Structure formats: structure tokens, C-alpha cells
Amino acid sequence: MSAQAQSKTPVRAQNAKTHGAASGSHDAGLPVVGASHAALGSDLSWAEQMGECWNRFWFTATDPVTLGWIRLLTGVVALYLQLTLAFDLGHFFGPEGYLPLRTSIDWYEWFIDTGGEPMLKYSYLSYLRTPGQLAAAHWIGMGVLLLFTAGLFTRVTSVLSLIIMLSYFHRAPMITAQVEPIIAMLMFYLCLGPAGAAVSVDAWLRERKLRADLRLKPEEALAVQPRWGATVVLRLIQIHLCAFYVMAFLAKVSGGGLGNVWLRGEAMWWVISEPDMPLVDFTWLARFPVLIDVWTFAVLLFEALFPLLVWNRLLRPIMLAISVPMWILLGLATGLTTYAAVMLIGGLAFVDPAWLRGCWQCCRSKFAKAEA
Amino acid sequence: MPSQNVRTAINFLLFVHFFSLGALLVLNHSSSELAQKLRRIPGYYLQVLFMDIDFDSGQPFRHRRYPLPEDAMAERDNPRDLPRGRRGRYHLTQGEVYDCAFFVEVEIPDPIYIQQRGGNYDGERRVVTVPELDINPKQRYLRYHTLAWEAARLNGQEDVDPILLGGIGGGVLREHNVPRNIPCRVRVWRLLSRSPEQVLHPDESVRDKWNKRAPQPDIGLEGTIFLDRNGNVQFSRSLPVNEVAPPPGSVAPTPDGAETPETPAAAPGV
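About the cut-offs
- Residues numbered from 1 in each chain as written.
- Chains lettered and ligands numbered in written order.
- Predicted model: local features only at pLDDT ≥ 70, side-chain atom pairs only at ≥ 80, totals over all residues.
- Helix = DSSP H or I, 4+ residues; strand = E, 2+ residues; numbered from the N terminus.
- Contact = placed C-beta atoms within 7 Å.
- Buried ≥ 20, exposed ≤ 12 C-beta atoms within 10 Å, placed from the backbone.
- Pairing = 2+ DSSP bridges.
- Core = buried A, V, L, I, M, F, W, Y, C linked by C-beta atoms within 7 Å.
- Domains from an automatic or database assignment.
- Axes fitted to C-alpha atoms, helices over the stretch in contact; angles between N-to-C directions.
- Parallel < 35°, antiparallel > 145°, perpendicular 65-115°, else oblique.
- Left-handed = near helix turned anticlockwise from the far one by under 90°.
- Nonpolar A, V, L, I, M, F, W, Y, C, P; charged D, E, K, R; others polar.
- pLDDT = per-residue confidence, 0-100.

Engineer: Before we move on, could you go through the overall build of chain B and cite the residues and values that matter?
Structural biologist: Across its full length, chain B carries nine helices and seven strands. Within chain B, contacts between residues at least 6 apart in sequence are counted, and of these 58% link residues at least 24 apart.

Engineer: Let's hear about the overall build of chain A: which residues, and what values?
Structural biologist: When helices and strands are tallied, chain A shows 17 helices and two strands. Out of the 372 residues in chain A, the part that is buried amounts to 43%. Put simply, 77% of the contacts in chain A that link residues at least 6 apart link residues at least 24 apart.

Engineer: For the pairing of strand E4 (residues 222-227) of chain B, give the residues involved together with the corresponding values.
Structural biologist: Residue and element names in this part refer to chain B. The pairing of strand E3 (residues 184-191) with E4 spans four bridges and is classified as antiparallel. Of the residues in E4, the one forming a bridge with Cys184 is Ile225. As paired elements, E4 and strand E5 (residues 233-236) share four bridges and run antiparallel to each other. Within the sheet, the bridge partner assigned to Phe226 lies in E5 and is Gln234. Adjacent in sequence and paired antiparallel, E4 and E5 are bridged by five residues, among which Gly231 carries a positive phi angle near 85°.

Engineer: Help me get a handle on the nonpolar core, residues and values and all.
Structural biologist: Grouped together as the largest cluster of nonpolar side chains are 125 residues, with contacts concentrated most on Met165, Ile183, Ala184, Leu186 and Val342 of chain A together with Val104 and Ala148 of chain B. Counting contributing residues, this core receives three or more from each of domain 1 (4-69) and domain 2 (101-261) of chain B. Excluding residues that lie within four positions of it along the chain, Val342 of chain A makes contacts with Val77, Val179, Ile182, Ile183 and Leu186 of chain A.

Engineer: Residues and numbers for the environment of Leu92 of chain B, please.
Structural biologist: Its place among the elements puts Leu92 of chain B in the loop between helix H4 (69-77) and strand E1 (101-109). Spatially, the C-alpha atoms of Leu92 of chain B and Asp110 of chain B are 38 Å apart, while their sequence positions differ by 18 residues. Ignoring sequence-local partners within four residues, the contact set of Leu92 of chain B consists of Val271 and Thr334 of chain A.

Engineer: Which residues make up the packing of helix H5 (residues 65-85) of chain A against helix H8 (residues 131-150) of chain A, and what values go with them?
Structural biologist: Residues and elements named next belong to chain A. Two numbers describe how H5 lies on H8: the axes approach to 8 Å, and their chain directions differ by 160°. Taken together, the axis directions place H5 and H8 in an arrangement best described as roughly antiparallel. Seen along the crossing, H5 lies across H8 with a hand that is left-handed. For the pair formed by H5 and H8, the contact residues are Leu72, Gly75, Val76, Ala78, Leu79 and Gln82 on the first element and Gly141, Met142, Leu145, Leu146, Phe148 and Thr149 on the second. Its residues assigned to classes, the contact of H5 with H8 comprises eight nonpolar, four polar and no charged.

Engineer: Now, about the confidence of the model for chain A: what can you tell me, with residues and values included?
Structural biologist: In regions of low pLDDT, the predicted coordinates are not meant to be interpreted in detail. Residue and element names in this part refer to chain A. Scored by pLDDT, chain A has a mean of 84; 85% of the residues are at 70 or more. Ranking the elements of chain A by mean pLDDT puts helix H1 (residues 3-8) last with 42 and H5 first with 96. Residue range residues 1-25 is modelled with pLDDT below 50. Its contacts to residues more than four positions away, or to other chains, number 39 contacts.

Engineer: Account for the sheet that holds strand E2 (residues 125-130) of chain B, with residues named and values stated.
Structural biologist: All names here are of chain B. The strand order across the open sheet built from five strands is E2-E1-E3-E4-E5, with neighbouring strands paired in antiparallel fashion. Each edge of the open sheet carries a strand with a single partner, namely E2 and E5. Put simply, the sheet's adjacent strands are angled 30° from each other on average, direction ignored.

Engineer: Tell me about the packing of helix H15 (residues 316-334) of chain A against helix H16 (residues 337-347) of chain A, residues and numbers included.
Structural biologist: Residues and elements named next belong to chain A. Where H15 contacts H16, the axes come no closer than 8 Å and their chain directions differ by 170°. One way to sum up the angle between H15 and H16 is to call them roughly antiparallel. Contacts between H15 and H16 involve Leu320, Ser323, Val324, Trp327, Ile328, Leu330 and Gly331 on the former and, on the latter, Thr337, Ala340, Met343, Leu344 and Gly347. When its residues are assigned to classes, the contact of H15 with H16 shows eight nonpolar, four polar and no charged.

Engineer: Describe in detail unusual backbone geometry, supporting the description with residues and values.
Structural biologist: Most of the time, phi is negative for any residue but glycine, and the peptide bond is trans. That bond from Val130 of chain B to Pro131 of chain B is cis: its omega, 0°, falls within 30 degrees of zero. Residue Pro137 of chain B is bonded to the preceding Asn136 of chain B through a cis peptide linkage, with omega at -5°. By secondary structure assignment, the location of Pro137 of chain B is in the loop between E2 and helix H6 (138-154). Even without being a glycine, Arg215 of chain A presents a positive backbone phi close to 55°. Inspection of the secondary structure puts Arg215 of chain A in the loop between helix H11 (201-214) and helix H12 (228-254). Of note in the backbone geometry, Phe50 of chain B takes a positive phi value of approximately 55° without being a glycine. Considering the arrangement of structural elements, one finds Phe50 of chain B in the loop between helix H3 (43-48) and H4.

Engineer: Provide a residue-level description of the environment of Leu79 of chain A, including the pertinent values.
Structural biologist: Residue and element names in this part refer to chain A. Examined against the element boundaries, Leu79 turns out to sit in helix H5. Residue Leu79 is classed as partly exposed on the basis of its 16 C-beta neighbours within 10 Å. Considering only alpha carbons, one finds Leu79 and Gly141, 62 residues apart in sequence, at a separation of 9.4 Å. Sequence-distant contacts of Leu79, that is, excluding residues within four places in its chain, are made with Met142, Leu145, Leu146 and Thr149.

Engineer: Would you mind going over the confidence of the model for chain B in detail, with residue names and values included?
Structural biologist: Residue and element names in this part refer to chain B. In this model, chain B carries an average pLDDT of 70, and 58% of its residues clear a pLDDT of 70 or more. Long-range and interchain partners of residues 66-87, a stretch whose pLDDT sits below 50, account for 33 contacts in this model, where long-range means more than four residues apart. Segment residues 242-270 is flagged for pLDDT under 50; beyond a separation of four residues in sequence, or across chains, it makes 44 contacts in the model. Per the prediction output, this complex has pTM 0.83; the corresponding ipTM is 0.85.

Encoded structure:
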């Protein structure tokens, strides 16, 4: 057994208890410290208790499997975005396309006060001149995203993936819609934590090496190593997501100069009656205006309650369960399926890591059976 | 748990990050000078990360707000009614005039016709539309849709250069090898959403969701575009000679001789 393996690892199946303890009780999907802290807290001053709570909230180590799932699914969506962009590279980024560099510069100068430093300089696409260079850079970028999605060399590929995606967003922000800022947010946070510590090729390779070093039998499980870095990143995602819901709700109820369609209960009608975007035709609801009212107020209510109730241990599963049909329906009604998908992926940050670990083990055992 | 020093460093970074985000979310549309300074200081950092979009308006940090005619009217009628977040992406809709589909149309000389004429252009035209409705998957369509929407929004003002309209028009001219110095008409039209009454209307033409209800003179986005001898795009808000947009509410003859209004009334709420 190598010294490295001895120092780093978790060993046998019984150590799985560690995992159970780490993910058994949860605060917003993440573990809280045990009774010792609680007992200690009673002797502390108010400020010290607050400090304890703060440290517990941000720095208690947790299973990185949640981060792994978020990385995997975010990578899939990013790959999809880039794949669909491959058809239109010339139109959007080519020198003869709709948005040549000069047009983007003009747009920045007119629309965004960049203080004389156009964001275009942060995009490597601004330095590519020919369609061939563009295509080569695009497919290399896709390769890097694929590695990130699979979780290979994750520490490096996560940063490179963020740079790649940001380059496209900065080069042509006028073609970005709702999904891009959310993707940027998720990918930035994923760079900060151990996104490749689970559900990744990196983790698989590490585990294989450890098994060989420790001479473990296949049925012997390795204990999970909780990471405080995973907690910090998940908390960042959780808070940012809640901020999104709060702002989206406030924006809807703040209304417009022509009257507020959300408070009047008719907003969902104007969403589903758009002629070109919906994937499913819901205009038959015109015969049932009550249902349109209900749908509109359900969206409003959900956006208002999610950031409040998702922190409650009992109500969290309910809010997460409601979010699934809500975003699926919104995705179908608005045609913004990738946006709906990343919102659901962001919601994974609140899911119990033990449950996600179970899903991952289930996937692995099915894969192993299929392989056998 | 990490050491005290590490925790302190992380706490400081968390404070900076959340302060930046908070300033953006809360102060992006504030007219207070102090608020603007507060949000500008951390602005660059969020800008680089593309996290400078506030989820209220969907507008990026440090954007310049060009009021559109509708805004101006709302401000005049009730200044308090001019909200921070109109036309925001994350509203999904506010049932407003810009919450609908926009299309950029460029009338170009038919390339086959030009070829037959030995390169001479004689007025025969075809229309190229951005976005084309048959683009799949939807994510691709959405990008063109967003671009056309942005072009419409940015060009709603006379004093704003038609940057995107010129970019799209120039791209279409170059893509179809339109000869230099041939003026082509470019315009933006919108496809209004239908009201429940229109969807349930017995008349099929009223129910038709592809009924253009265009042109849309209240947006006033049309003009002439051509490539000059250097290949640069030139845009003018005047129409090509002998082509003048019909005034609002005018009538145009249909193929069967009947007259139909060019611009039906906007749907309620839009």
C-alpha cells in the first residue's frame, strides 16, 4: 500500500458509515455538524454562535457527488449549445456573417458602457479571421467541453470550458438568451470546487488506482471523502439560484406601463400564444381561461415561495418536486427548453447527496452488469 | 473544515462576490449617482464572467438604456410606472409590444434572375427572412429570434444607429452575392400574439397565427441597405426609389381584388 493511499483514503466498506453520517442529517441538502457543536453552542455568546452557524453553513464537508452531477448535466447542456452553434458559426462569427467584428464593436459602443474596454478582447473568437480558424477553434472547444462533461482533468478542463463558453457569449451577446447567464454562473462555480471528485472519469481512475493499491475486492466499497470545497460551491449555487427566483418574481409583479399581465392572471396566455416559440400548442386553453389564471398564479407563487421554503428540510423535497413539472411545462410552452433544463440542474444543488449517490451507484451497477 | 486563515480569506471573497451581485441586482436601474458608483466598482469582474445580467430586466451591467417610444409614453403618463424591469428576458412576457416575435426581411435581387440578365439587375426580387421558421433545433432558431428581437429593440429610436439591422442586412447581401451598389429594402416586422378571442374566432384568417399583421409602422424599422464599392454596408432609413411604405391603417388590394387593412389593430394587452 502506498503512503499516498494510506494518507488519503477511506478504506473499507464499514467506513461507508462516514458517508452515512455525513449525509444523514441535512440542511438545505448539505450536512450539518453533529450534536457536539450544538452542545458547544449553548455555552457560546450570541456572536460566537452566529460564527459557528456561519462556519457550519459554509464549511462543513459534504459529499461531492452533487457537484459531480451538476458538472455532468451542465456539461451536456453546454455541449448541446455548442453543437447547435456549429451550424451557424459563419452567420454569427464569420467576417462575412451577420455579426462581423465591426458590428459587435459598434453594438458594445452603443449599448454597453465598457469604459473604453470592449469585452470583445476577452473572447478568443475576436482574433480568428477565417472560417477555417473558426471551425477549428470551435471543434477543439467542443473537445474540451466533452472532457469537462466526462470529468477528465476536471480542474483544468473546467476552467478552459468556462473560458470557451465566455468567449462565445462576449463575442456575440446579442444572440444570447436566458440560458447563457445561468450556464456561465454554474460553470464559474464549478471551477471553484471539486467538480471532478465524483461522477467523473477522474474519480473512476482514482478509485481504480486505490483499489489496486489496497487490494480491495470488487464488492468492497470505498468510503466517500466529504469535501468542504463542495459545500462552498453548492452554497454559492443555492444562494445565486434563490436570488434568481426572487428577482424573477419581483420583476413579474413589478409590472409594466401597460398593465401587469402577471397580476391580472393572463401572462401565461401571452406566453403560450406566441406564434413561433412554443414546442407544444397550448392555445386550446383559450376555452378554459380559469386554467390560464391558475397556471399564471402558480408560476408566480412558485417563484415567490421557492427561495423561502427550499431551505426548510421538510418542504424542500416538495419544492424540488414541484419545480420539475413547472419547468418542464414552461420549457414546452416557451420553447426555452435549455433554460428550463439548467434551472432544474441548478436545483440539484438542494438535493440530498445521499440520494444522488444512490442514483450514481445504481447507474454504475447497471453499467457494470451490462458490461459483464 | 479549513483552517481559520483559509476561512477568513474565503469569507472575504464571499463578501466581495455577494456585494457585487447584490449591487447589480438591486441597483442596476437606479438613477442615484451613489448607486451607480456602487455597482460600477465591482462591475468589471461580473462583466468578464458574464454574470452581469440582472435577473430583473435581463439587461447587462452598465447597459445604456435607450427608451423606446412606448417607454417615453409610459414615462410621460406616469413616471412611477416605468419599471426597472420592462422587457426583461426573465419575465417571459409582460404582454407588451416587444414581447412578440420579430423578423428581419431583406428584399434582394433574385440571383438566378441576375445571372440570366448577365449580371444586370432589373428589379426582380426575393425576400430573405431572419429567422427562417424552419430552422431546427429550436435552440438554433432561438439565436436568430433573439438577434431579430435585439435589432428591433435597438432600432426603435431614430437617433440610434441601425447597428444590428445593418449587420444582418449586410450579412444577407454578402451571403447571396448581391452586386455592389444595389439598394435593397430591409425591414423588421413583428408577429403579434393572438388573443383568446382571436384563437376562438370562427374566421380562419383571424385564427391564423402566421397572419403577419404587417408592416408595423409604429416600430418604423425599414430602410434601404446596400454594399458600397468597398464592400461596406450602407444603411438609410429612406426606402428605395418608388417604394414607399403604406401609411398606418392604409388598405392594400388583395389578389382577388378585395381590400384588406394592412395593419389590423393590435391584440388586446399587446
